[in-house]
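Each chain is listed here by its residues.
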Amino acid sequence: MDVKIEPSWGKLLAAEFEKPYFAELVNFVRQEYSAGVCYPPGSLIFNAFWQTPFERVRAVILGQDPYHGPGQAHGLCFSVRDGVEFPPSLRNIFQEIKNETGAEIPTSGDLTRWAQQGVFLLNTCLSVRAHTAFSHSGHGWETFTDAVIRLLSREREHLVFLLWGAPAGRKADLIDRSRHCVLQSAHPSPLSAYRGFFGNNHFNLCNQYLQQHGSEPITW
C-alpha cells in the first residue's frame, strides 16, 4: 500500500502515520492485496482524502467498509463508478433525497460530485477482501478513521456529521456537539431504511445548518 494522500491531510495526519499500529495496518493491507483481490484498487484507498481536502470539508458521511463486489468501490463511501448498478443502500439514499427535495434520482451513482462540494465520504475501514464484508476490520483502520473524526471535530467548526446505523452512531462520542451538527438515524440498508432512515430529513437539515453558518448548501 502506497500511502499517497492530499497534502493538507498528509500534514495533519503525519504523526498518525508514524504510530506502530499504522505500520502493522500497512503490512496487513499489503499482504491482503498481494494474496488476492481486494477493493478498492490500491490507488483509490485514500480517494476520499484526495477529493475533499481538509479545509474544504463541510459535511461528513460515515460508511462502514467498501463495497466488496467487482467494479463497485472506488474509495468514497456509498459511491459506485458510472455504469455500475446502484447498490440497495445507495438507491435508498437517492430515494430519500427525492422525497426531501423533489430532485430526480440521478443516472450516476458516482458521488465524486458530492466530495468536490465538501462532503467527506469516509468509510470506517478503507479496504476489504473481495466478496467478504468486514474482512479488513479489526486491523487498525478503525483506529485511523477514529483519529480522522477527532481531528475534524477538534480543528474545524460548523461541520455536519451524518451518522447512519449503529456502527456510525457510536462515533458520535468522538464529535464535539458544541462545535458541530450531528445527525443520526437508521442505516439506508433495506434491512433498516424503513426503521428511521426514510423520513430523517438529513439532507435538508444539513443544508439548513450550513446556510445558518454562512456556507453554501450542497447540491445533492
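No experiment lies behind these values; they were computed from the predicted model shown.

**Q** Looking at this structure, I do not really get the packing of helix H3 (residues 20-35) against helix H7 (residues 141-155). What am I missing?
**A** A pair of packed helices is captured by two measures, namely the crossing angle of their axes and the spacing between those axes. With their axes 9 Å apart at the nearest point, H3 and H7 run at an angle of 125° to one another. Relative to H7, the element H3 lies oblique. Seen from above, H3 lies across H7 with left-handed handedness. In this structure, H3 uses Tyr21, Phe22, Leu25 and Val29 to contact H7, whose residues at the interface are Trp141, Thr143 and Phe144.

**Q** Help me understand the layout of surface pockets in this model?
**A** One simple way to see leftover space: roll a probe sized like a water molecule over the atoms. Taken as a whole, the largest pocket holds about 520 Å³ of empty space. Along its surface, the largest pocket is lined by 31 residues, and Gln64, Asp65, Pro66, Tyr67 and Ser89 are the ones closest to its centre. Those elements that provide at least two residues to the lining of the largest pocket are helix H5 (88-101) and strand S3 (119-123). Among the elements that take part in the lining of the largest pocket, S3 stands out by supplying three residues, more than any other. When the residues that make up the lining of the largest pocket are grouped by side-chain class, the tally is 18 nonpolar, 12 polar and one charged.

**Q** Which parts of the structure should I look at to understand the pairing of strand S6 (residues 181-185)?
**A** Within a regular strand, the side chains alternate between the two sheet faces. Burial within S6 is extensive, with four of its five residues counted as buried. With five bridges connecting them, strand S5 (residues 160-164) and S6 associate as parallel partners. Bridging across to S6, Phe161 finds its partner in Val182.

**Q** Is there a simple way to think about the packing of H5 against helix H9 (residues 202-212) in this case?
**A** Two numbers describe how H5 lies on H9: the axes approach to 8 Å, and their chain directions differ by 65°. From H5, Ile93, Glu96, Ile97, Glu100 and Thr101 reach across to H9, where they touch His202, Phe203 and Asn204. Across the contact of H5 with H9, the residue classes break down as three nonpolar, three polar and two charged.

**Q** It is not clear to me how the sheet that holds S5 should be interpreted in this structure. Could you clarify?
**A** The strands making up a sheet associate through hydrogen bonds between their backbones, and the pairing can be parallel or antiparallel. The strand order S3-S2-S5-S6 describes an open sheet built from four strands, whose pairing is parallel. Both edges of this open sheet fall to S3 and S6, since each of them pairs with a single strand only. In this sheet, adjacent strand axes meet at a mean angle of 20° when their direction is disregarded. Sheet topology note: the strand S2 (residues 59-63)/S3 ladder contains five bridges and is parallel. Each residue of the ladder has a partner; that of Ile61, found in S3, is Leu121. Strands S2, S5 and S6 of the sheet are contacted by H9, whose axis makes an angle of about 165° with S5.

**Q** So what exactly am I meant to see when it comes to the packing of aromatic side chains here?
**A** Here a ring pair, both rings aromatic, is described through the centre-centre distance and the interplanar angle of the planes. A complete count under the given rule lists 23 aromatic pairs for this structure. Each ring, one from Trp9 and one from Phe120, has its centre 4.9 Å from the other, and the planes form 20°; the classification is stacked. Here the residue Trp9 occupies a position in helix H1 (residues 7-12), and Phe120 occupies one in strand S3, the gap between them amounting to 111 residues. The same class applies to Trp9 and to Phe120, which are both buried. Both rings, one in Phe49 and one in Phe120, keep their centres 5.1 Å apart while their planes meet at 80°; by these two values the pair is edge-to-face. In this pair, Phe49 sits in helix H4 (residues 47-51) while Phe120 sits in strand S3, placing the two residues 71 residues apart along the sequence. Assigned by exposure class, Phe49 and Phe120 land together as buried. Through pairs of rings, three or more aromatic residues link up here, namely Trp9, Phe17, Tyr21, Phe22, Phe46, Phe49, Phe54, Phe120, Trp141 and Phe144.

About the criteria used
- The residue numbering used here restarts from 1 in each chain and proceeds along that chain's sequence as written.
- The predicted origin of the model limits local features to residues at a pLDDT of at least 70 and limits the giving and counting of side-chain atom pairs to 80 or more, whereas totals for whole chains, interfaces and linings rest on all residues.
- Each side-chain value is derived from all of the structure's non-hydrogen atoms; neither hydrogens nor water enter the calculation.
- Axis definition: a line fit to C-alpha positions, over the contact stretch in the case of helices; interaxial angles, taken between N-to-C directions, run 0 to 180 degrees.
- Strands here mean DSSP runs of E at least two residues long; helices mean DSSP runs of H or I at least four residues long; both are numbered from the N terminus.
- By definition in this entry, angles of less than 35 degrees are roughly parallel, angles greater than 145 are roughly antiparallel, angles of 65 to 115 are roughly perpendicular, and the rest are oblique.
- The sense of a crossing depends on the near helix, which, turned anticlockwise from the far helix by less than a right angle, makes the crossing left-handed and, turned clockwise, makes it right-handed.
- What makes two residues a contact is simply this: any of their non-hydrogen atoms within 4.5 Å.
- Every definition here rests on a 1 Å grid over the protein atoms only: cavities are sets of points where a 1.4 Å probe fits but cannot get out, pockets are open sets enclosed by protein on both sides within 12 Å along at least five of seven lines, and lining residues have some atom within 4 Å of a point.
- Grid points are joined across faces, edges and corners, and a volume is the space filled by probe spheres set on the points.
- Charged residues are taken to be Asp, Glu, Lys and Arg, nonpolar residues to be Ala, Val, Leu, Ile, Met, Phe, Trp, Tyr, Cys and Pro, and polar residues to be all remaining types, Gly included.
- Under the scheme applied here, a residue whose accessible area is under 20% of the maximum for its type counts as buried, over 50% as exposed, and between as partly exposed, the area being computed with a 1.4 Å probe on protein chains only.
- Strands are labelled as partners when DSSP assigns at least two bridges between them.
- Any two of the Phe, Tyr and Trp rings considered here, Trp counted by its six-membered ring, make a pair once their centres fall within 6.5 Å; the pair's planes then place it as stacked at under 30 degrees, edge-to-face at over 60, or tilted in between.

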